[in-house]
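Working through the structure, step by step
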Amino acid sequence: MGRVEFELLTYAIPAFAVLMLVEWIAYRRDPDRSGNGGSARDTASNLTTFTVGRLVKPLMQHLVPFSAVVVAAAITPLHLSPRSWWVWVLGLIVTDLCYYWAHRADHRVRLMWTAHNVHHSSQHFNLSTALRLSWLHPIPNILRGLAWVPAALLGFPTWMIFLLQGIGLLYQFPIHTQRVETLPRPIEFLFNTPSHHRVHHGSNQPYIDKNYGGIFIIWDRLFGSFAAESEPVRYGLTKNIGTDNPLKVNYHELAALIRDVRGASTWRGRLGYIFGPPGWTEHAVPVPEPVETPVSGRAREHAGQLAS
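Please read all numbers here as calculations on a predicted model, not as lab measurements. (Residues numbered from 1 in each chain as written. Predicted model: local features only at pLDDT ≥ 70, side-chain atom pairs only at ≥ 80, totals over all residues. Heavy atoms only, no water.)

Observations concerning the UniProt feature "transmembrane region" (unreviewed entry) in the protein
The feature "transmembrane region" (unreviewed entry), as given by UniProt, occupies residues 6-27, 63-79, 85-102 and 146-171 in the numbering adopted here. Helix makes up 100% of residues 85-102 and strand 0%, whereas the separation of the span's terminal C-alpha atoms amounts to 26 Å. Spanning residues 146-171, this segment combines 73% helix with 0% strand, and its end C-alpha atoms are found 22 Å apart. (UniProt positions renumbered as here; feature names shortened; annotations may be inferred. Helix = DSSP H or I, 4+ residues; strand = E, 2+ residues; numbered from the N terminus.)

A word on helix H6 (residues 110-120)
Burial runs high along H6: 11 of the 11 residues are buried. Among the residues making up H6, those that are buried are Arg110, Leu111, Met112, Trp113, Thr114, Ala115, His116, Asn117, Val118, His119 and His120. (Buried < 20%, exposed > 50% of the residue type's maximum accessible area, 1.4 Å probe, protein only.)

Side note on the layout of surface pockets
If you add up the space inside the second largest pocket, you get close to 580 Å³. Trp113, Leu237, Thr238, Lys239 and Pro278 are the residues nearest the centre of the second largest pocket, which is lined by 24 residues in total. Breaking the lining of the second largest pocket down by element, the ones donating at least two residues are helix H5 (85-108), H6 and helix H13 (246-263). Tallying contributions element by element places H6 first for the lining of the second largest pocket, with 4 residues. A class-by-class count of the residues in the lining of the second largest pocket yields 7 nonpolar, 11 polar and 6 charged. (1 Å grid on protein atoms, 1.4 Å probe; cavity = no way out; pocket = protein on both sides within 12 Å on 5 of 7 lines; lining within 4 Å. Points joined across faces, edges and corners; volume = space filled by probe spheres on them. Nonpolar A, V, L, I, M, F, W, Y, C, P; charged D, E, K, R; others polar.)

Details of the nonpolar core
Proteins that are soluble and globular tend to have nonpolar side chains buried together. Core analysis: the largest hydrophobic core is formed by 18 residues, its most contacted members being Val69, Trp148, Ala151, Ala152, Phe156 and Ile161. Counting residues per element, the ones that place at least two in this core are helix H4 (68-75), H5, helix H8 (149-153) and helix H9 (158-172). The biggest single contributor to this core is H5, with 5 residues. Beyond its immediate stretch of four places on either side in the chain, Phe156 contacts Leu80, Val87, Leu90, Gly91, Val94, Ala151 and Ile161. (Core = buried A, V, L, I, M, F, W, Y, C linked by side-chain atoms within 4.5 Å. Contact = heavy atoms within 4.5 Å.)

Comments concerning the packing of H5 against H9
Where H5 contacts H9, the two axes come as close as 9 Å, and the packing angle between them is 70 degrees. Classified by the interaxial angle, the pair formed by H5 and H9 is roughly perpendicular. In terms of crossing hand, the pair formed by H5 and H9 is right-handed. Note on element contacts: H9 touches H5 through Trp159, Met160, Ile161, Leu163, Leu164 and Gln172, opposite Val87, Trp88, Gly91, Leu92, Thr95 and Tyr99. (Axes fitted to C-alpha atoms, helices over the stretch in contact; angles between N-to-C directions. Parallel < 35°, antiparallel > 145°, perpendicular 65-115°, else oblique. Left-handed = near helix turned anticlockwise from the far one by under 90°.)

Details of the environment of Asp30
Following the sequence through the fold, Asp30 ends up in the loop between helix H2 (13-29) and helix H3 (40-63). Residue Asp30 is classed as partly exposed on the basis of its relative accessible area, which comes to 30%. For the pair formed by Asp30 and Arg179, sequence separation is 149 residues and the distance between their alpha carbons is 10.0 Å.

Thoughts on the packing of aromatic side chains
One pass over the full model with this rule turns up 11 aromatic pairs. On the numbers, 5.9 Å between centres and 80 degrees between planes, the contact of Tyr100 with Tyr212 is edge-to-face. Residue Tyr100 is located in helix H5, and its partner Tyr212 is located in the loop between helix H11 (194-200) and helix H12 (218-223); the two are separated by 112 residues in the primary sequence. Residue Tyr100 shares its accessibility class with Tyr212, and that shared class is buried. (Phe/Tyr/Trp six-rings, centres within 6.5 Å; stacked < 30°, edge-to-face > 60°.)

Things to note about a nonpolar patch on the surface
Side chains of Ile139, Leu143, Leu146, Trp267, Leu271 and Phe275 sit close together on the surface and give an oily, nonpolar patch of about 640 Å² of accessible area. Listed by contribution, the elements that provide at least two residues to the nonpolar patch are helix H7 (138-145) and helix H14 (267-275). Looking at the nonpolar patch element by element, the count peaks at 3 residues for H14. Along the polypeptide, Phe275 turns up in helix H14. (Patch = residues over 30% accessible without salt bridge, like charges linked within 9 Å, V, L, I, M, F, W, Y side chains within 5 Å. Areas by Shrake-Rupley, 256 points an atom, 1.4 Å probe, with all protein chains shown as cover. Salt bridge = Lys/Arg side-chain N within 4 Å of Asp/Glu carboxyl O.)

Okay, here's the thing in structure tokens:
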């Protein structure tokens, strides 16, 4: 996350607080509608995780001084002018497409999942869940930043890319709610909505690894990762961590990855635990092939009589 994104999210904190208060009041008045409002411990963990992330952000800037986006913008021969309105529209579309692939990699590459799983580890779903963001995961952040290199190579200014990334994050805050059911069909078809994002946070089939889009859900429809909300959503991880401790929330998956790598017996296993999808295992149990049972001639003759 660039400095522009960080400042944009910081300035939005008062609006976040107001919206969370409104949602909490709505749950208090009608607790049976659209699920429950979460728990006090879970909300406290979300807010603490977000606050710590804001405080350690300057440290992350020193740990990750390199930005592939900045380098790409410096070497590209293309330069688009932010004075043209269509550059902003195109930039929003392009950066959101970049976000789609970054987000998909967050779920499909375990090293990146060590950071992103923080956001999915809550077993509740409300506006405070949007603030459950990881901190101090430098290597996943470096890899994630590569997704926006194409936008820089196309000539979009670096500051514009970071600003549009921040706008995409702001857009996603209000869709972390169960209070809004579905919106008009044209909106549901094109944009990410609370219904689509509830699916994304589901840990039950048919919802796992679906709906990666940021602002636009059309990318999921195009690339085969879309799922509509068709049954109750079970929030959290496939194997929940059972704690609200922000430190464990942030680093339990990284610790598990390190244990798996240390316990691997081959380099294939070590690399698989790092770059394979979450749940990949070095010693997968093969599914036995069905074995045909020899059938005697009399039995075949009897089966033929039955079939006729």
